[in-house]
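Residues per chain, in single letters:
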Amino acid sequence: MGGRPSRSPARSPLPHLRPIAPGLGEPQAEVEETLKRIQSHKGVIGNMVVNAEGIPIRTTLDNSTTVQYAGLLHQLTTKARSTVRDIDPQNDLTFLRIRSKKHEIMVAPDKEYLLIVIQNPCE
Amino acid sequence: TATRAQPGPLGRAGRAGSAALATGGAASAKGPGRPGQLQDETLGVASVPSQWRGVQGIRGETKSCQTAGIATAEASAQARSHADAQVQTEAPVPVSTLPPSRLDTARLAAFLRRVEAMVIRELNKNWQSHAFDGFEVNWTEQQQTVSCLHTLCYPPAQGQGLHVTSISWNTTGSVVACAYGRLDDGDWSTLKSFVCAWNLDRRGLNPRQPSAVVEAPSAVLCLAFHPTQPSHIAGGLYSGEVLVWDMSRPEDPLLWRTGLTDDTHTDPVYQVVWLPEPRQSHRFQVLSVATDGKVLLWQGGGAGRLQLTEGFALVVQQLPRSTKLKKPPRGETEVGATAVAFSSFDPSLFVLGTEGGFPVKCSLAAEEAALTRMPSSVPLRAPAQFTFSPHGGPIYSVSCSPFHRNLFLSAGTDGHVHLYSMLQAQPLISLQLSYKYLFAVRWSPVRPLVFAAASGEGDVRLFDLQKSSQKPTISIKQTEDGSPVYCLEFNSQQTQLLAAGDAKGTVKVWQLSTEFTEQGPRETEDLDQLAAEVAT
């Protein structure tokens with residue numbers, strides 16, 4: 001047969017550029033499903049995902065509350081993480097919980113994102 | 001010529017260092033009558049060494065200077081004139097959630113996958129945990145009892161036998177103002193009345209000397225401080241006028257007045273309220289409510305006049321027939337309004353308390369014209385949307401809950417406090433708080449289930465619906481002889497303070513115990529539950 005090299009299976013010629021308009025692809029649906037699952041848990045008032053700069057990406061609360069929580073908890077998480085690592089450089093922060101009179105705030109930190117969940121535990 | 005040393009007082013010998021005087025010379029000038037011969041003689045020098053100075057220092061004086069004087073003159077200045085060209089700061093862009101199209105949703109999904117299990121586990125543990133049951137932290141010093149912080153009065157007003165008719169705290173919570181007038185005078189007396197303000201945060205507060213006093217031409221029946229300007233205060237008078245003062249200008253405090261025009265109320269103004277303007281929410285207008293049935297909105301115009309911008313009139317024929325009301329006496333069509341309260345959730349919704357004893361739910365957005373023949377420069381509208389079941393006497397005070405959109409309280413001359421829901425005409429709860437009149441009722445700004453009432457028996461009664469729905473939690477005795485307490489207001493900035501004014505002309509500022517100022521964990525839910533007991 002000819003010496004033409006077989007083409008690789010159909011791919012976009014510039015694979016690192018994704019289409020702008022978000023289709024309901026796999027990752028999008030999964031994100032929404034997960035957040036809905038968390039929100040439907042007993043006592044959960046709201047949840048949000050914040051990126052590494054403290055800017056909220058997804059939220060179930062109103063805008064002004066979200067912005068307030070995101071800014072304040074991002075700073076607190078950074079401080080908590082540096083506290084843990086200062087005490088023991090081999091250690092790292094895995095979870096942060098703040099219990100107040102009215103509810104409990106839980107923060108799951110990560111390199112790029114923060115997941116913040118606010119729950120009203122049954123008294 | 002020879003110097004003669006005269007003997008005499010210098011002749012005291014024997015003193016150390018005394019002068020060695022050379023005396024000599026013939027005593028040629030002795031005595032008259034003896035022609036003496038004048039002879040030339042040389043005498044020794046008489047020197048008197050100094051007794052106190054040791055060595056004579058060198059005395060010098062400046063004759064001339066070798067350096068030439070420096071001449072200076074202004075030649076030019078180095079500072080340049082400048083003008084602003086550009087500012088470097090940018091207007092802040094409100095932070096909002098990023099549109100999802102700019103995200104890397106795959107990475108987000110991966111992150112959520114990583115943390116979901118842990119978060120769900122913690123949520124479950126939390127729901128079942130009893131670790132924090134009964135655990136309470138005391139951040140502030142606990143105040144166990146209610147105490148009287150200040151007893152304020154103005155002796156000239158007390159001397160005229162005036163009562164405190166109304167109280168208001170200013171927007172910063174540090175100044176309390178009270179109005180002096182009489183609530184039991186039926187005649188159009190021209191008794192002067194006063195508005196006094198005390199700054200409680202000032203050092204050296206003299207309780208008998210207000211920091212500002214304003215005289216008013218007729219009895220002031222109600223006061224309201226401006227919501228953002230700490231020194232502007234509006235007052236309604238017995239003559240029907242509405243005045244706005246600036247308490248920080250002692251020489252000319254009056255800012256605006258309605259004057260006595262066709263638009264002004266013809267009956268005493270019982271309550272004034274500041275409302276934000278519909279289009280410019282940083283400017284405010286004054287709403288006044290009087291027993292002539294009119295609810296009027298005023299705006300400060302030029303030349304110190306308050307201009308009427310909108311008006312409403314309550315007419316019996318236009319009241320919604322939600323409840324059976326007593327037939328009014330013939331000829332009377334106006335329903336006198338004695339109290340007003342705005343909902344904290346819907347700024348155009350308000351509740352009026354009336355002389356007939358029934359609260360009326362009204363709206364600023366009502367369109368229907370009022371059937372009244374009262375003259376007015378602005379067309380009067382009928383605001384009533386719903387009437388509630390009446391008290392046994394006129395209502396003196398209404399208050400909308402700051403925590404629930406449907407609940408409000410009303411209190412009146414029958415000594416009962418009714419808790420109404422906007423959704424039904426019958427009250428949810430009816431409490432008898434006094435055997436005499438109740439003059440004021442106010443919800444607490446911090447505890448959803450607490451309210452305070454001022455009774456004609458001289459007490460301030462604090463009610464906590466969480467503790468007991470039958471009797472007051474605390475009854476604070478304000479006057480010794482049982483003269484009525486006419487007004488009370490909570491301080492929304494310093495939430496442990498409650499001010500109450502009585503018929504003796506004193507204003508007492510009470511400091512409430514911590515149980516009245518700290519919210520418990522489930523109060524808002526309990527309030528919701530209470531409101532949901534609406535009969536279906």
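Labelled according to an unreviewed UniProt entry, chain B appears under the name Cytoplasmic dynein 2 intermediate chain 2, originating from Propithecus coquereli. Recorded in UniProt under Sequence similarities (unreviewed entry), the annotation for chain B is "Belongs to the dynein light intermediate chain family."

Chain A carries the name Dynein light chain roadblock-type 2 in an unreviewed UniProt entry, which gives Propithecus coquereli as its organism. Word for word, the UniProt comment on chain A under Function (unreviewed entry) is "Acts as one of several non-catalytic accessory components of the cytoplasmic dynein 1 complex that are thought to be involved in linking dynein to cargos and to adapter proteins that regulate dynein function. Cytoplasmic dynein 1 acts as a motor for the intracellular retrograde motility of vesicles and organelles along microtubules." Annotation of chain A in UniProt includes, under Sequence similarities (unreviewed entry), the sentence "Belongs to the GAMAD family."

What to know about the overall build of chain A
Across its full length, chain A carries two helices and five strands. In chain A, the succession of helices and strands from N to C terminus is α-β-β-α-β-β-β. Every one of the 123 residues in chain A was classed for burial, and the buried ones make up 33%. Pairs at least 24 apart in sequence give 38% of the contacts found in chain A among residues at least 6 apart. When the accessible area of chain A is evaluated, it comes to approximately 8200 Å², of which 56% is carbon and sulfur surface.

Let's talk about the pattern of salt bridges
Scanning the entire structure with this criterion turns up 20 salt bridges over all chains. Residue Asp92 of chain A pairs with Arg81 of chain A through a salt bridge whose shortest N-O separation is 2.8 Å. Of this pair, Asp92 of chain A sits in the loop between α2 (63-87) and β3 (96-99) while Arg81 of chain A sits in helix α2, and the two are 11 residues apart along the sequence. For Arg81 of chain A, a relative accessible area of 38% translates into the label partly exposed. Here Arg442 of chain B and Glu489 of chain B are joined by a salt bridge, their closest N and O atoms 3.1 Å apart. Within this pair, whereas Arg442 of chain B is found in strand β23 (residues 438-443), its partner Glu489 of chain B is found in strand β27 (residues 485-490), the two being separated by 47 residues in sequence.

What to know about the side chain of Lys294 of chain B
Its location among the elements puts Lys294 of chain B in strand β12 (residues 294-300). Although Lys294 of chain B is buried, it forms no salt bridge, and the closest oppositely charged side chain is Asp292 of chain B at an N-O distance of 4.4 Å.

Some remarks on a nonpolar patch on the surface
On the surface, Phe132, Phe135, Val137 and Trp139 of chain B cluster together to form a nonpolar patch covering roughly 510 Å² of accessible area. By the secondary structure assignment, Val137 of chain B is in the loop between α1 (105-128) and β1 (147-153).

Quick notes on the packing of helix α1 (residues 26-39) of chain A against α1 of chain B
Think of two packed helices as two axes; the pair is described by the angle between the axes and how far apart they sit. Running from N to C, α1 of chain A and α1 of chain B cross one another at 20 degrees; their axes reach a closest spacing of 9 Å. As far as their axial angle goes, α1 of chain B and α1 of chain A are roughly parallel. Once α1 of chain A is placed against α1 of chain B, the crossing between them reads as left-handed. Taken together, the residues of α1 of chain B that come into contact with α1 of chain A (itself represented by Pro27, Gln28, Glu30, Val31, Thr34, Leu35, Arg37 and Ile38 of chain A) are Thr105, Ala106, Leu108, Ala109, Leu112, Arg113, Glu116, Val119, Ile120 and Leu123 of chain B. Among the residues making up the contact of α1 of chain A with α1 of chain B, the classes are represented as 11 nonpolar, three polar and four charged.

As for the interface of chain A and chain B
Across the boundary between the two partners, chain A contributes 43 residues, which contact 33 residues of chain B. Roughly 3700 Å² of surface becomes buried between chain A and chain B when both sides are summed, with 64% attributable to carbon and sulfur atoms. Scanning the region where chain A abuts chain B turns up five salt bridges. In this structure, the salt-bridge partner of Arg113 of chain B is Glu30 of chain A, at a minimum N-O distance of 2.6 Å. Between chain A and chain B we count 10 residue pairs in polar contact (both at pLDDT 80 or more) in total. When residues of the side of chain A that touches chain B are assigned to their parent elements, the largest contribution, eight residues, is made by α1 of chain A. The residue makeup of the side of chain A that touches chain B, split by class, is 21 nonpolar, 10 polar and 12 charged.

A word on the sheet that holds strand β11 (residues 284-290) of chain B
Residue and element names in this part refer to chain B. Reading across the sheet, the five strands line up as β10-β11-β12-β13-β17 and stay open at both edges, with mixed pairing between neighbours. Lying at the two open borders of the sheet, with one neighbouring strand each, are β10 (269-276) and β17 (380-381). As defined by bridge partners, β12 adjoins strand β13 (residues 306-313) across seven bridges and the pair is classed as antiparallel. When the bridges of β13 are listed, Gly300 appears paired with Leu306.

Side note on the sheet that holds strand β6 (residues 220-225) of chain B
Residue and element names in this part refer to chain B. Read from one edge to the other, the open sheet built from four strands follows the order β6-β7-β8-β9, with strand pairing classed as antiparallel. At either end of the open sheet lies a strand with only one pairing partner, and these are β6 and β9 (254-257). Averaged over neighbouring strand pairs, the angle between their axes works out to 25 degrees when direction is ignored. Inspection of the sheet shows strand β7 (residues 232-237) paired to strand β8 (residues 242-246) by five bridges, in the antiparallel sense.

Brief notes about the environment of Lys361 of chain B
Residue and element names in this part refer to chain B. By the secondary structure assignment, Lys361 is in strand β16 (residues 360-363). For the pair formed by Lys361 and Met422, sequence separation is 61 residues and the distance between their alpha carbons is 7.7 Å. Lys361 has contacts with Leu349, Phe350, Pro383, Ala384, Gln385, Phe386, Phe388 and Met422, leaving out every residue within four places of it along the chain.

Things to note about the environment of Leu123 of chain B
One can find Leu123 of chain B in helix α1. Its relative accessible area of 0% is what places Leu123 of chain B among the buried residues. Apart from residues lying up to four places away in sequence, Leu123 of chain B is in contact with Ile38, His41, Val44, Met106, Val117 and Gln119 of chain A.

Some thoughts on the packing of aromatic side chains
Any pair of aromatic rings gets described here by the distance separating the centres and the angle formed by the planes. Residue and element names in this part refer to chain B. The final tally for this structure, using the stated rule, is 14 aromatic pairs over all chains. Centroid distance Phe312 to Phe350: 6.4 Å. Interplanar angle 65 degrees. Geometry classified as edge-to-face. With Phe312 in strand β13 and Phe350 in strand β15 (residues 349-354), this residue pair connects regions lying 38 residues apart in the sequence. When sorted by exposure, Phe312 lands in the same class as Phe350, which is buried.

Criteria and thresholds
- The numbering scheme is per chain: residues are counted from 1 as the chain's sequence reads.
- Lettering for chains starts from A, numbering for ligands starts from 1, and both go in the order in which the items are written.
- Confidence filtering applies because this is a predicted model: local features only for residues at pLDDT of at least 70, side-chain atom pairs given and counted only at 80 or more, and all residues used for totals across whole chains, interfaces and linings.
- Side-chain metrics in this entry use all non-hydrogen atoms of the structure; hydrogen atoms and water are not considered.
- UniProt positions are given in the numbering used here, feature names are shortened, and annotations may be inferred rather than shown by experiment.
- Where helices and strands are cited, they refer to DSSP runs of H or I of at least four residues and of E of at least two residues respectively, numbered from the N terminus.
- Each residue gets one of three labels from its accessible area relative to the maximum for its type: buried under 20%, exposed over 50%, partly exposed in between, using a 1.4 Å probe on protein chains only.
- The contact criterion used is simple: two residues touch if any of their non-hydrogen atoms lie within 4.5 Å.
- What sets the accessible areas is the Shrake-Rupley method with a 1.4 Å probe; for residues, cover comes only from the shown protein chains.
- Definition used for salt bridges: Asp or Glu carboxyl oxygen within 4 Å of a side-chain nitrogen of Lys or Arg.
- Only four residue types enter the tally: Lys and Arg on the positive side, Asp and Glu on the negative side; His and the chain ends are excluded.
- Only residues whose relative accessible area exceeds 30% and that form no salt bridge are eligible for patches; like-charged ones are grouped when within 9 Å, while nonpolar side chains (Val, Leu, Ile, Met, Phe, Trp, Tyr) are grouped when within 5 Å.
- For helices, the axis comes from a line fit to the C-alpha atoms of the stretch in contact; other axes are also lines fit to C-alpha atoms, and the angle between any two N-to-C directions lies between 0 and 180 degrees.
- For this classification, under 35 degrees means roughly parallel, over 145 means roughly antiparallel, 65 to 115 means roughly perpendicular, and everything else is oblique.
- Crossing handedness is read from the near helix: turned anticlockwise from the far helix by less than a right angle, it gives a left-handed crossing, and turned clockwise, a right-handed one.
- Think of it as three bins: nonpolar holds Ala, Val, Leu, Ile, Met, Phe, Trp, Tyr, Cys and Pro, charged holds Asp, Glu, Lys and Arg, and polar takes everything else, Gly as well.
- Take the accessible area each of two parts loses on contact, using a 1.4 Å probe, and add the two losses: that sum is the buried area.
- Identification of polar contacts relies on pairs of N or O atoms within 3.5 Å, with a donor-acceptor requirement for protein atoms, meaning one able to donate a hydrogen and the other able to accept it, and with residues adjacent in sequence counted only if both atoms are side-chain atoms.
- Here the rule is simple: two strands pair whenever DSSP picks up at least two bridges between them.
- Pairing of aromatic rings covers Phe, Tyr and Trp, the last through its six-membered ring, and needs centres within 6.5 Å; plane angles under 30 degrees mean stacked, over 60 mean edge-to-face, and all others mean tilted.

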